[in-house]
Amino acid sequence: MASGFAAKLDVETRSEGARNNATLLCTPLMGTNVDQMMIEMRRAKDIGADVVEIRLDCLKSFSPSQDLPVLIKQSPLPTLVTYRPIWEGGQYDGDEKKRQEALQLAMELGADYIDIELQVAYEFIQSIAGKKPDNFKVIVSSHNFHNTPSLEALSNLVARIQATGADIATIATTALDITDVIRIFQITVHSQIPVIGIVMGERGLISRLLTPKFGGYLTYGALEVGAISAPGQPTAKDLQDLYNFRLIKPDTKVYGIIGKPVGHSKSPLLFNESFKKVGLNAVYVHLLVDDVVKFFDSYSSPDFAGYSCTIPHKEVVLQCMDEIDPIAKKIGAVNNLVRKPDGKFKAYNTDYIGAISGIEDALRGTNGAYSATDSPLAGKLFVVLGAGGAGKSLAYGAKQKGARVVVANRTYERAVDLAAKVGGKALRLEEVQNFHPEDGMILANCTSVGMKPNIDLTPLNKEVLKHYSLAFDAIYTPKDTRLLREARESGCIIVYGTEMLIRQGFEQWKNFTGLPAPEELFRELMSKHS
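Note that the coordinates shown come from a computational prediction; the quantities given were computed from them, not determined experimentally.

**Student:** I would appreciate a short explanation of the overall build of the protein chain in the present structure.
**Tutor:** Looking only at helices and strands, one finds 18 helices and 20 strands in the protein chain. With respect to the principal axes defined by its C-alpha atoms, the protein chain has extents near 85 × 50 × 45 Å. Each of the 530 residues in the protein chain was classed as buried or not, and the buried ones make up 57%. Considering only contacts within the protein chain whose residues lie at least 6 apart along the sequence, 68% involve residues at least 24 apart. About 21,900 Å² of surface is accessible on the protein chain, with carbon and sulfur atoms providing 50% of the total. In the protein chain, 59 side chains carry a positive charge and 61 a negative one; their mean positions are 4 Å apart.

Quick look at the structure:
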């Protein structure tokens, strides 16, 4: 199938116009018998994979002479055959000679690629010398399940792989920090032979998503969430539909959300679909960041153009900024970081705009625009739970609208500090249970209590909620938190965290692109996927 594949790909690229790169999408087949793998092959074709990886070591019973002709000749897609031994992270624990004989048979039967481990690659490639079919390629792979070595060590590794006679090199390492990925990008760009560069684990996710930007030969996308062949592997569906993998080019601008945890964020869904609809050459990715200072020192390329910022980095990231919007500076927390044309970063806080406008409109009973001079929050007692980034945003925003602010926090000193800045009152978090000096108060939960997976928790007892006229919860996974359900049952107006997410997203879009936000599209997407 190899000879026709390049031509087929070229035709599809020209005719569909929906593909901006030549990086292949390979779906691993993890079935435990041949029938399962044949079903998986057809599914892989249906979801848009270019290649299937036949993982022979997953088969519980395997007869090379009987099974390989079926798996290779009946595959609807080009085939990459892998027979991974236990000593390289696979499941095969048998005779090495028989393993290599099976791989050679796969080649003879028409497999497009076989993957052989560096440890035995030289002898294997020597054994097939003069027998390789046209367009057949040998991938020589090295897997490091402990860390990502230095750039020099990785360069030496690629040289060793190249010296075996490999057509393509696979370097798979493990991410201890997101900055490890940069070294794999550098290797991919500068190698003399095609490279499949993968950094395993959630911190290495962008090594898989941005493969086309850095010229990687292929990336792996699983059939489904539970069928991954390596840690941190996304699904083929997410690569294409969530991250617009087919549209990424070397000059694509990269945006993303910085946080820890970050995988729950729906921001990539909103931004990537909107980039696609508007026709912007950009991608928005999840970025699990442990150390923001290290991250900004490392990702200095102008193509990394801006970020959303979430827990726990909204305050500490200020030290990495060249300029801070005056309102954000007063709040002391930011969530929107934009690289300016001169390369310097400017930070904004769009959380307070999103949340406060959502609360105001809910109090008015409308989704329309609000008037800054006539806020329904004026004079209201506004209780903020939590004194972190989101809490600061809500406290400052409520103060700006003329509300009387109360800040409650587990660490009382932080509540005192924030309350002093907004001319409000400080409480310990547990004191809020007995705090109801008046009815008609506004409640804003800015803690993580009730977030997945702890969805049965709530920061406030239900009986207290009757004293509030409106409850807002900054959590949006789940959308309908226990707090909001009980508030609704108690007669409160409720405002979902998704409303803050959407509205602050409008502001971030404007800051990132300089264009008006596609508000209807944002709402439609959030409604569809919440």
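Resuming the write-up.
**Student:** Before we go on, may I ask you to explain the sheet that holds strand 11 (residues 304–309) in this structure?
**Tutor:** Within a beta sheet, neighbouring strands are joined by backbone hydrogen bonds and run either parallel or antiparallel to one another. Spatially, the 6 strands line up as an open sheet ordered 10-9-11-13-14-12, and their pairing is mixed. Looking at the sheet topology across the chains shown, the edges are occupied by strand 10 (282–288) and strand 12 (323–324). Both strand 12 and strand 14 (residues 345–348) contribute to a ladder of 2 bridges, which runs parallel. Counterpart to glutamate 323 in the pairing with strand 14 is lysine 346. Along the sheet, helix 10 (residues 267–278) makes contact with strand 9 (253–259) and strand 10, crossing strand 10 at roughly 165 degrees. Sitting on the sheet, helix 17 (residues 497–513) is in contact with strand 9, strand 10, strand 11, strand 13 (336–339) and strand 14, with an inclination near 10 degrees to strand 13.

**Student:** Would you mind showing me how to read the packing of aromatic side chains here?
**Tutor:** Here a ring pair, both rings aromatic, is described through the centre-centre distance and the interplanar angle of the planes. Taken as a whole, this structure holds 22 aromatic pairs when the rule is applied. Ring centres of phenylalanine 271 and tryptophan 509 lie 6.2 Å apart, and the angle between their planes is 20 degrees; on these two criteria the pair is classed as stacked. Of this pair, phenylalanine 271 sits in helix 10 while tryptophan 509 sits in helix 17, and the two are 238 residues apart along the sequence. Residue phenylalanine 271 is classed as buried on the basis of its relative accessible area of 2%. Centroid distance phenylalanine 271 to phenylalanine 512: 5.7 Å. Interplanar angle 65 degrees. Geometry classified as edge-to-face. Taken as a pair, phenylalanine 271 in helix 10 and phenylalanine 512 in helix 17 lie far apart in primary sequence, 241 residues in all. With respect to class, phenylalanine 271 is no different from phenylalanine 512; both count as buried. An aromatic cluster of three or more residues is present, and its members are Tyr255, Phe271, Phe275, Tyr284, Phe506, Trp509, Phe512 and Phe522. Here the basic side chain of lysine 213 rests over the ring of phenylalanine 214, its NZ or CZ set 6.0 Å away from the ring centre.

**Student:** Can you help me understand the pattern of salt bridges in this one?
**Tutor:** Where charged atoms of side chains with opposite charge meet at close range, the side chains can pair. Using the criterion set out here, one finds 33 salt bridges in the structure. Residues aspartate 290 and lysine 260 are paired through a salt bridge, measuring 2.8 Å at the closest nitrogen-oxygen approach. You can see aspartate 290 sitting in the loop between strand 10 and helix 11 (292–298) and its partner lysine 260 sitting in the loop between strand 9 and helix 10, a full 30 residues away along the chain. For aspartate 290, a relative accessible area of 27% puts it in the partly exposed group. A relative accessible area of 39% places lysine 260 in the partly exposed class. A single network of salt bridges, built from pairs that share partners, joins Arg84, Glu96, Arg99, Asp115 and Glu117.

**Student:** How should I be thinking about the pairing of strand 7 (residues 195–200) in this particular structure?
**Tutor:** Of all the 6 residues making up strand 7, 6 are buried; the element is thus mostly covered by neighbouring parts of the structure. Both faces of strand 7 are covered, namely the face carrying Val195, Gly197 and Val199 and the face carrying Ile196, Ile198 and Met200.

**Student:** Please explain the nonpolar core as it appears in this structure.
**Tutor:** The nonpolar side chains of soluble globular proteins are, as a tendency, buried together. Within the largest apolar cluster, 89 residues are counted, with the highest numbers of intra-cluster contacts made by Ile114, Leu210, Phe296, Tyr307 and Leu337. Membership of the second largest hydrophobic core comes to 27 residues, among which are Phe382, Ala387, Ala395 and Ala398.

**Student:** What should I look at first to understand unusual backbone geometry in this one?
**Tutor:** Note: most peptide bonds trans; most residues except glycine with negative phi. A cis geometry characterises the amide bond from lysine 260 onward to proline 261, with omega recorded as 5 degrees. Here proline 261 lies in the loop between strand 9 and helix 10. At asparagine 135, a residue that is not glycine, the phi angle is positive and equals roughly 70 degrees. Residue asparagine 135 is classed as partly exposed on the basis of its relative accessible area of 44%. For asparagine 244, which is not glycine, the phi dihedral falls at a positive 50 degrees.

**Student:** What is the right way to read helix 13 (residues 351–364) from this model?
**Tutor:** An α-helical turn contains 3.6 residues, so any two residues separated by three or four positions project in the same direction. Between its terminal C-alpha atoms helix 13 stretches 20 Å, which fits the 20 Å expected from 14 residues at 1.5 Å a residue. The buried count for helix 13 comes to 10 of 14 residues, which makes it a mostly enclosed element. Looking only at helix 13, the buried set comprises Asp351, Tyr352, Gly354, Ala355, Ile356, Ser357, Gly358, Ile359, Glu360 and Asp361. Downstream of helix 13 by a residue or two, glycine 365 has a phi angle that is positive, lying close to 75 degrees.

**Student:** Explain the packing of helix 3 (residues 64–73) against helix 4 (residues 96–108) here, please?
**Tutor:** Each pair of packed helices can be described by the angle between their axes along with the distance between the axes. It is the contact of helix 3 with helix 4, at a shortest axis distance of 10 Å, that shows an interaxial angle of 40 degrees. Taken as axis vectors, helix 3 and helix 4 run oblique relative to one another. Relative to helix 4, the crossing made by helix 3 is right-handed. Note on element contacts: helix 4 touches helix 3 through Ala102, Leu105 and Ala106, opposite Pro64, Ser65, Leu68 and Ile72. Split into classes, the residues belonging to the contact of helix 3 with helix 4 amount to 6 nonpolar, 1 polar and no charged.

Analysis parameters
Residues numbered from 1 in each chain as written. Predicted model: local features only at pLDDT ≥ 70, side-chain atom pairs only at ≥ 80, totals over all residues. Heavy atoms only, no water. Helix = DSSP H or I, 4+ residues; strand = E, 2+ residues; numbered from the N terminus. Buried < 20%, exposed > 50% of the residue type's maximum accessible area, 1.4 Å probe, protein only. Contact = heavy atoms within 4.5 Å. Areas by Shrake-Rupley, 256 points an atom, 1.4 Å probe, with all protein chains shown as cover. Lys, Arg positive; Asp, Glu negative; His and termini not counted. Charge placed at Lys NZ, Arg CZ, Asp CG, Glu CD. Pairing = 2+ DSSP bridges. Axes fitted to C-alpha atoms, helices over the stretch in contact; angles between N-to-C directions. Phe/Tyr/Trp six-rings, centres within 6.5 Å; stacked < 30°, edge-to-face > 60°. Lys NZ or Arg CZ within 6 Å of the ring centre and 35° of its normal. Salt bridge = Lys/Arg side-chain N within 4 Å of Asp/Glu carboxyl O. Core = buried A, V, L, I, M, F, W, Y, C linked by side-chain atoms within 4.5 Å. Expected span 1.5 Å × (residues − 1). Parallel < 35°, antiparallel > 145°, perpendicular 65-115°, else oblique. Left-handed = near helix turned anticlockwise from the far one by under 90°. Nonpolar A, V, L, I, M, F, W, Y, C, P; charged D, E, K, R; others polar.

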